[in-house]
Amino acid sequence: MRHFSEVDSTNGQLKVEAKAGNVPEGTVFTTDFQTNGRGRLDRRWESPPGQGLLFSLLLFPELPPDQLPLISLMGSMAVLDGILKFMEEYPIRCDALQAIELKWPNDLIVDGRKICGILSETGLDNQRRRFFILGIGLNVNQTSDDFPEPLQDTAVSLRMIVGFDLLRDHLLRYILKELEECYNRLKVEGSDWIAPLWLERSRYEERSVTVMNHKRKITGIVVGLESNGALKLRISGDPAKVETIYSGDVTSRCSQDQ
Ligand code: BT5
């Protein structure tokens, strides 16, 4: 584990080291502040100094490239379990944590507000081995005012849910333990369990969702996930048509009876 008090992006730094073959599988880069925290599609991840968890984990998964998105789904489940197990250590019961939900493909949300985002990146090292970087940003101790203006209505932190500050280092340890357990399961059992488990835990099946995919808005009912994690939608207005969505942003999700 390497900690930076400040860095441009933990994903960016880890990618440089991974490409050069300088770092082994399992390496974690963490920081208190990113000057250029990155989201997907050149978006930014904003986190004021010392309040969130910002880290990147290096893996060398033995999966075909089209299966790699499963690692992001696995990562979001591991982060959620890490949070829940960490909070079990606190003497106070926080039922509000049950409101944390998985959002396809890479987020955790609470009442529609984002609490965690994942940026997955791959590349080849100097021996042409494919590496995978799982970059995780989790809002921990921010108050609403700590988020920049445009995020104040769309972002939330653990502190805002439970009402008190949390020990970020301990939380990180819990999350890394969950990630390690999931990754070991992936190595032993293969990846078949990830998509069904994610679908069950997200309760996405049979729900109506709207996805923005390359500026195209697609609304439909979730009929499942492909084995590689892609979303299968029965398109609204054309029930015979099932479309597979490989990337995008879910912009709304209704329950079955809405
Ligand atoms: C993500 O992208 O959600 C992936 C974020 C990954 C961040 C981690 S931090 C450690 C590692 N190093 C990096 O440089 N990155 C990773 P995306 O789905 O594209 O969402 C980005 C959008 O989320 C932004 O455009 C904002 O609207 C919103 N956002 C930015 N910061 C946020 C925050 N702290 N909380 C909630 N939403 C945020």
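Our subject in this report is the structure included herewith. (Residues numbered from 1 in each chain as written. Predicted model: local features only at pLDDT ≥ 70, side-chain atom pairs only at ≥ 80, totals over all residues. Heavy atoms only, no water.)

**Points about the site of the ligand**
- In the vicinity of the ligand, 28 residues are found, and the nearest of them are Ser9, Arg38, Arg43, Glu46 and Lys114.
- One of the side-chain N or O atoms of Ser9 is found 2.7 Å from an oxygen atom in the ligand.
- One nitrogen or oxygen atom from the side chain of Arg43 is found 2.7 Å from an oxygen atom belonging to the ligand.
- Contact with the protein chains hides 91% of the accessible area of the ligand, taken as 790 Å² for the molecule alone.
- Of all elements in the fold, only α1 (10-19), β3 (52-59), β6 (113-124) and β7 (130-139) reach the threshold of two or more residues within the shell around the ligand.
- Looking at the shell around the ligand residue by residue, the class counts come to nine nonpolar, twelve polar and seven charged. (Near = heavy atom within 4 Å. Polar contact = N/O pair within 3.5 Å; in protein donor to acceptor, adjacent residues only side chain to side chain. Areas by Shrake-Rupley, 256 points an atom, 1.4 Å probe, with all protein chains shown as cover. Helix = DSSP H or I, 4+ residues; strand = E, 2+ residues; numbered from the N terminus. Nonpolar A, V, L, I, M, F, W, Y, C, P; charged D, E, K, R; others polar.)

**Digging into the pattern of salt bridges**
- This structure, assessed with the given rule, holds 18 salt bridges.
- Note that Asp249 and Arg40 form a salt bridge whose closest N and O atoms lie 2.3 Å from each other. With Asp249 in strand β12 (residues 249-254) and Arg40 in the loop between β2 (28-31) and β3, this pair connects stretches of sequence that are 209 residues apart.
- Its salt-bridge partner being Glu46, residue Arg44 comes within 3.2 Å of it at the nearest N-O pair.
- Each of the salt bridges in this network shares a partner with another, and the network as a whole consists of Lys15, Arg38 and Glu121. (Salt bridge = Lys/Arg side-chain N within 4 Å of Asp/Glu carboxyl O.)

**Things to note about the packing of aromatic side chains**
- Tallied over the full model, the rule gives five aromatic pairs.
- For the ring pair Phe4 and Phe29, a centre distance of 5.2 Å and an interplane angle of 70° mean the geometry is edge-to-face. Linking Phe4 in strand β1 (residues 2-4) with Phe29 in strand β2, this pair joins segments that are 25 residues apart in sequence.
- Relative to Tyr90, the ring of Phe86 lies with its centre 5.3 Å away and its plane at 75°, an arrangement referred to as edge-to-face.
- The rings of Phe86, Tyr90, Phe164 and Tyr174 are connected pair by pair, giving a single aromatic cluster.
- Arg129 extends its terminal NZ or CZ atom over the ring of Phe60, reaching a point 4.0 Å from the ring centre.
- Seen from the ring of Trp193, Arg185 lies directly overhead, with NZ or CZ sitting 4.1 Å from the centre. (Phe/Tyr/Trp six-rings, centres within 6.5 Å; stacked < 30°, edge-to-face > 60°. Lys NZ or Arg CZ within 6 Å of the ring centre and 35° of its normal.)

**Observations concerning helix α4 (residues 168-189)**
- Taking 1.5 Å of rise per residue, 22 residues should cover 32 Å, and α4 covers 31 Å from first to last C-alpha, within 8% of that figure.
- Listing the buried residues of α4 in full gives Arg168, Leu171, Leu172, Ile175, Leu176, Glu178, Leu179, Cys182, Tyr183 and Leu186. The buried side chains of α4 occupy one side of the element, clustering within an arc of 165° when seen end-on. Facing away from the buried side of α4, by more than 90 degrees, are the exposed residues Asp169, Arg173, Glu180, Lys187 and Val188.
- The inward-facing, buried residues of α4 contact β2, β3, α2 (69-88), β7, α3 (158-162) and α5 (194-202).
- Where α4 ends, the next residue or the one after it, Gly190, has phi of about 80°, a positive value. (Expected span 1.5 Å × (residues − 1). Buried < 20%, exposed > 50% of the residue type's maximum accessible area, 1.4 Å probe, protein only. Arc of directions from axis to C-beta. Contact = heavy atoms within 4.5 Å.)

**What to know about the pairing of β7**
- The buried fraction of β7 is high, at nine of ten residues.
- Note: β3 against β7, eight bridges, orientation antiparallel. Bridge pairing in β7 places Gly52 opposite Asn139.
- Of the pairings in the sheet, the one linking β6 to β7 comprises nine bridges and is antiparallel in character. The residue of β7 that forms the bridge with Leu124 is Arg130.
- The turn linking β6 back onto β7 is made up of five residues, and Arg128 within it adopts a positive phi angle of 60°. (Pairing = 2+ DSSP bridges.)

**A short note on the sheet that holds β12**
- Spatially, β11-β10-β9-β8-β12 is the arrangement adopted by the five strands of the open sheet, whose pairing is antiparallel. In this open sheet, the two edge strands, each paired with only one partner strand, are β11 (242-245) and β12. Recorded for the sheet is a direction-independent mean angle of 40° between the axes of neighbouring strands.
- With five bridges joining them, strand β8 (residues 208-213) and β12 adopt antiparallel strand pairing. Of the residues in β12, the one forming a bridge with Thr210 is Ser252. (Axes fitted to C-alpha atoms, helices over the stretch in contact; angles between N-to-C directions.)

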